[in-house]
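Geometric and topological summary
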Amino acid sequence: MKKAAGDGRDDKATPVGKGMRESSMRNLLWMSGGNGLSAILKLLVLAVLGRLLTPEDFGLVGAALTIVALAEVFGRIGIAPSIVQAPDLTLAMIKTGMVTTIAAGAIVAGLVYAFANPIAALYAIPELDRFIEVFSLLFVVRGVGLVSEALLLRRMQFRALAGIAVVTYLIGYAVVSVSMALMGFGAWALVAGQICQVVLQTAMFLRLAPDAIQFGFDYSKFRQMMRFGIGVTLSKTANYVAQNADYFIVGRYLGATNLGYYTRAYLLLSQPAQLVGGTANEVLFPAMSAVQSAPERLSRGLNLALKLCALIQVPATVLLIVTAPEVVAVLIGDQWDSVVLPFRILVASLYFRTAYKFLATLLRASGNVYYNSAWQWSYAALVIVGASLGVPWGLEGVALGVSLAVVLCFFSGLAVVRLILGISARTGMVALARYSGIGLVQLALLIILKAWLVALGLPDAAILLLLTLVCVLAFVSLLRIFPGFFGEEGELLTPYLNRVLARLRPGGGSGNGGN
């Protein structure tokens, strides 16, 4: 049977052992750089838009995007992940995938447009229907580019993917949304930015992977991809419910304005979570798929991911909890004070919100998509219960219920992975306990330092900058001086850190960075 030319798995040897670990680490750093820059751009754009638009504007678009996210799950129908995960990708699979994703996108677009009014009534937000109708156009556009995106992931072209994420967000939101907000378009500024970004992403995916633009339909290949794809779709549907049920509950029972506050709190939380968890998910899925038949390597990969997550996210959590008022004031303005406490509660679960993605990736990469689906549905149920129970206590109650659901989801996921794959996360949990202890010390020191800075009468921006610099400098110094204390994850990260520091020194750009 004919193989797909240049599919990245068949024409390029997969690195093994230490080589795979270092290759994955390089890919992770490339995607982290791109996603990190995207996160910075998002925060800068948020700082501008938060001062130009109202909480109700953000709430309206946030509600519409929950419907977009659900419809997109069905528009994808798991075809793209099946292309990434397939041990042997054929030309017939690419052709069939292209036809299937375009057709699915068109069908979903029609359904979303047709049901815009009932959905708006369900939310009890009458003006929502217009936003949903316009957003329905996205599914046709996304469907055209899904196979190209999947091929780029399969080929591990993370540098290109990182660049696309940065450029499209910059044009879509920093240019289009901000310009339209300045001209008084309100919530429609956010709609235009989203549409512009998706159109540009699709065009760039097709430009970089033009071999996806092939059409045909092989029913046997369709069935083969759908066996995996249906499981992925069920998992993503459950994950959608888990990620958006709280939005629906807040919008339905607390109103569009409160939903605007809640979505801003969630956006601030999602940047560090996506930077680590989302980035690692994009890198780990193709890497783990390549070694899906080697449980010991999957175990090492999972535990290393969990240790790196604890190394980065525990200090970040402590810093964000202490500086939450300053983060909100600097990034979105003093008029958003109602965001501070929900943000603090949500960010307390940052490690678990990030790390559970690794477990989902492991289950998908090993082909256990139906076990992953069942686990994701349990997570969705926990979020619905937690958010619903929290409604009487307002946004803070919803945030607490959702955070507890995330923690329970993570630990239940560890049990599923142990039961299905026989993989233990013991070393990852030991690292979490170690970094949590260090985090308590960090918390006490930051509270004392912040009290002193506040007493000096420094502005919010200065306090945030100084506390962040203290944490970064302390982290870098400890990692360079005592890399062994941080275990395998510290030893793996230190050479890359040294390389970055060497390039920052005058005349150090051409050095080897201390390797």
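Computed from a predicted model, the values in this text were never measured in an experiment. (Residues numbered from 1 in each chain as written. Predicted model: local features only at pLDDT ≥ 70, side-chain atom pairs only at ≥ 80, totals over all residues. Heavy atoms only, no water.)

Concerning the pattern of salt bridges
Scanning the entire structure with this criterion turns up three salt bridges. Note that E149 and R142 form a salt bridge whose closest N and O atoms lie 3.3 Å from each other. With respect to burial, E149 and R142 carry one shared label: buried. Measuring nitrogen to oxygen at the nearest pair gives 3.0 Å for the salt bridge that ties E326 to K450. Of this pair, E326 sits in helix α13 (residues 324-331) while K450 sits in helix α18 (residues 426-455), placing them 124 residues apart in sequence. Neither residue differs from the other here; E326 and K450 are each classed as buried. (Salt bridge = Lys/Arg side-chain N within 4 Å of Asp/Glu carboxyl O. Buried < 20%, exposed > 50% of the residue type's maximum accessible area, 1.4 Å probe, protein only. Helix = DSSP H or I, 4+ residues; strand = E, 2+ residues; numbered from the N terminus.)

A word on helix α7 (residues 137-154)
Here α7 spans 27 Å end to end across 18 residues, near enough to the 26 Å set by a 1.5 Å rise per residue. Remark: the principal bend of α7, roughly 40°, maps to G145. Residue M156 follows α7 closely and has a positive phi angle near 60°. (Expected span 1.5 Å × (residues − 1). Bend = angle between axes of the 7 residues up to and from the residue.)

Considerations on the packing of α18 against helix α19 (residues 460-481)
Running from amino to carboxyl end, α18 crosses α19 at an angle of 145°, the nearest separation of the two axes being 11 Å. With respect to the hand of their crossing, α18 and α19 are arranged in right-handed fashion. Contacts between α18 and α19 pair Q442, L446, L449, K450, L453 and V454 from the former with I463, L466, L467, V470 and C471 from the latter. Tallied by class, residues from the contact of α18 with α19 come to nine nonpolar, one polar and one charged. (Axes fitted to C-alpha atoms, helices over the stretch in contact; angles between N-to-C directions. Left-handed = near helix turned anticlockwise from the far one by under 90°. Contact = heavy atoms within 4.5 Å. Nonpolar A, V, L, I, M, F, W, Y, C, P; charged D, E, K, R; others polar.)

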